[in-house]
Amino acid sequence: MDVNMKFNMYIPTKILFGEGKLNELGSQKIPGRKALLVISSGKSVRENGALARTEEQLKVAGVDYVLFDKIMQNPVKMTVMEGAALAKANGCDFVVALGGGSVMDSGKAIAMMVNNEGDLWDYAGGKTGKRLPLKNPPVPLVCITTTAGTGSEVDAGGVITNEETNEKIGIAGYEESFPVLSVVDPELMKTVPPKYTAYQGFDALLQSIECYISYFNNVMSDMYALTSIEYAGKYLPRAVKDGNDREARSGMAFANTLSGVAMVLSSTTAEHSMEHAMSAYHPNLPHGAGLIMISRAFFEFFIDKHVCDERFVRMAKALGMDGVKKPEDFITALVKLQEDCGVANLKMSDYGIKPSEFDELARNAREAMGPLFAGNPYPMSHEDCVEIYRKSYK
Ligand SMILES: [Zn+2]
């Protein structure tokens, strides 16, 4: 097997990992005096006690805060700008993001804009971003993840949608955009409903799978990605079946954090570009659900090309399959895991996606998030993308 023995690694985040670790937040070195405490617009962190526990810990740490509770499932630029304005008006000097990927990604974008003038898209890439250099570094960010998906608690990137241009793209990504401190406490994940546990878990898993076959893989990212795949294969069905299965929640939290590290070292592939196009046009579609819908056809494309057979064989083994002989066995293992998690039959049509959009979605994927196509282990044309959407359509 070809292994790339070169990599750069810089992940400056202090991670508190494990059940009950949120209780240690108050005794940590906190990177500011007044936080913008960012949460979602939903009810979960209020109802499950995570918000009250975080507020208590901030008090223990002697830190003041202002609450911002408007982040949506697929976060948009307007909300980021609103959060940054609130932080500026209240003199907040750092950001605490308590929630899933949307909240943490928004936290990264808000941290940029608290310290800089203008609009988020002045500093964004994609088709319409102005790509200006950031004048000042983002303010420090603390992440407390409440889900096992996205891996945002250990990476520097965030994904935000510009609702005016239908661009769902990566922003931030500066060395100062890494959280300075992250709490990964599986206790906070117990109340995630089965369906979302599956969507988020598959996001983590597919991130690791993509990093493992990525053109940018290396000996270090392989280590994180393979272990992440192994943990997700073992624990995701259990976490979906019983949210109170503590070992399974911890196992999935670990798989997710590892996927974040794998993304820092390697990169995801066009599967993520193609999904972001789907949920940019259909914001009700959860990121993980969109990835699951196209995953089979997406990986079959590379298996048919026989560009990394051994890698697919190793991943099928990591997913716990016995007697693996050929790369196609990976698809069998992936589909079985989707069946075991009750997500094998997700339908694009349930989210309003129509076959007539495939050309536009494929174009958007390449225009808005083109760089991830470089992660593909074999070139994928516009027509190939349309065909993957078509094969995945239900
Ligand atoms: Zn993802």
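Sequence order sets the numbering: in each chain, residues are counted from 1 along the sequence as written. Given that the model is predicted, a residue must reach a pLDDT of at least 70 before its local features are reported, and side-chain atom pairs must reach 80 or more before they are shown or counted; all residues, however, enter totals for whole chains, interfaces and linings. The basis for the side-chain values is all heavy atoms of the structure; hydrogens and waters are excluded.

Per an unreviewed UniProt entry, the protein chain is named Iron-containing alcohol dehydrogenase, and its organism is Mahella australiensis.

### Concerning the pairing of strand E2 (residues 34-40)
When a strand is regular, its side chains alternate between the sheet's two faces. Let me state the cut-off plainly: Exposure categories follow from relative accessible area, calculated using a 1.4 Å probe and restricted to protein chains: below 20% of the type maximum is buried, above 50% is exposed, and the middle band is partly exposed. Going along the chain from the N terminus, every DSSP run of H or I of four or more residues is numbered as a helix, and every run of E of two or more is numbered as a strand. Strands were regarded as paired on the criterion that DSSP finds at least two bridges between them.
Counted residue by residue, E2 has six buried out of seven residues, so it is predominantly covered. Note that E2 and strand E3 (residues 64-71) share six bridges and pair parallel. Looking at the pairing, Ser40 lines up with Ile71 of E3.

### What to know about empty space enclosed by the protein
Stated formally: The method works on a 1 Å grid over the protein atoms by themselves. A cavity is a set of points holding a 1.4 Å probe that cannot get out, a pocket is an open set with protein on both sides within 12 Å along at least five of seven lines, and residues with an atom within 4 Å of a point line them. Grid points are joined across faces, edges and corners, and a volume is the space filled by probe spheres set on the points. Residue type decides the class: Asp, Glu, Lys and Arg count as charged, Ala, Val, Leu, Ile, Met, Phe, Trp, Tyr, Cys and Pro as nonpolar, and the leftover types, Gly among them, as polar.
By the definition in use, this model includes one cavity of 30 Å³ or more. Its volume calculated, the largest cavity comes out at about 60 Å³. Along its surface, the largest cavity is lined by Thr147, Ala148, Met189, Val192, Thr197, Gln200, Gly201, Leu236, Arg249 and Met252. Contributions of two or more residues to the lining of the largest cavity are made by helix H5 (194-213) and helix H7 (246-265). At three residues, the largest contribution of residues to the lining of the largest cavity is made by H5. Classifying every residue of the lining of the largest cavity gives five nonpolar, four polar and one charged.

### Concerning the pairing of strand E4 (residues 94-99)
Heads up, the rule is: Seen with the strands pointing away from the viewer, any crossover whose path from the first strand over the helix to the second strand runs clockwise is right-handed.
With six of its six residues buried, E4 lies for the most part within the structure. With four bridges connecting them, E2 and E4 associate as parallel partners. Residue Val38 lies in a different strand from E4, and its bridge partner there is Ala97. Each parallel crossover has a hand, and the one from E4 via helix H4 (residues 101-114) to strand E5 (residues 141-145) is right-handed.

### Some words on the coordination of the zinc ion
So the rule is basically this: Note that water is not among the atoms used; donors are N, O and S atoms within 2.8 Å of the metal (3.2 Å for Na, K and Ca), so sites may look incomplete. Tetrahedral means four donors with every angle between 85 and 135 degrees, whereas square planar (four donors) and octahedral (six donors) require angles over 155 degrees between opposite donors and between 65 and 115 for all others; sites fitting neither are termed irregular.
Donor atoms from the polypeptide that coordinate the zinc ion comprise Asp203 (OD), Gln207 (OE1), His272 (NE2) and His287 (NE2), at 2.1 to 2.3 Å from the metal. In this structure, the zinc ion is surrounded by four donor atoms whose angles at the metal cover 82 to 159°, and the resulting shape is irregular. Classification of Asp203 as buried rests on a relative accessible area of 2%.

### Points about the sheet that holds strand E1 (residues 14-17)
Our working rule: Think of each axis as a best-fit line through the C-alpha atoms, taken over the contacting stretch in the case of a helix, with angles from 0 to 180 degrees between the N-to-C directions. Contact definition: two residues touch when any of their heavy atoms are within 4.5 Å.
With parallel pairing, six strands are arranged side by side in an open sheet as E1-E8-E5-E4-E2-E3. On the outer flanks of this sheet lie E1 and E3, each paired with one strand and no other. For this sheet, the mean angle separating the axes of adjacent strands, direction not counted, is 15°. For E4 and E5, the ladder comprises five bridges, and the chain directions are parallel. Considered in E5, the bridge of Val95 is made with Leu141. Against the sheet, helix H3 (residues 77-89) makes contact with E2 and E3, and its axis sits at roughly 165° relative to E3, the strand it touches most. Strand contacts of H4: E2, E3, E4 and E5, with the helix running at about 170° to E4, the strand carrying the most contacts.

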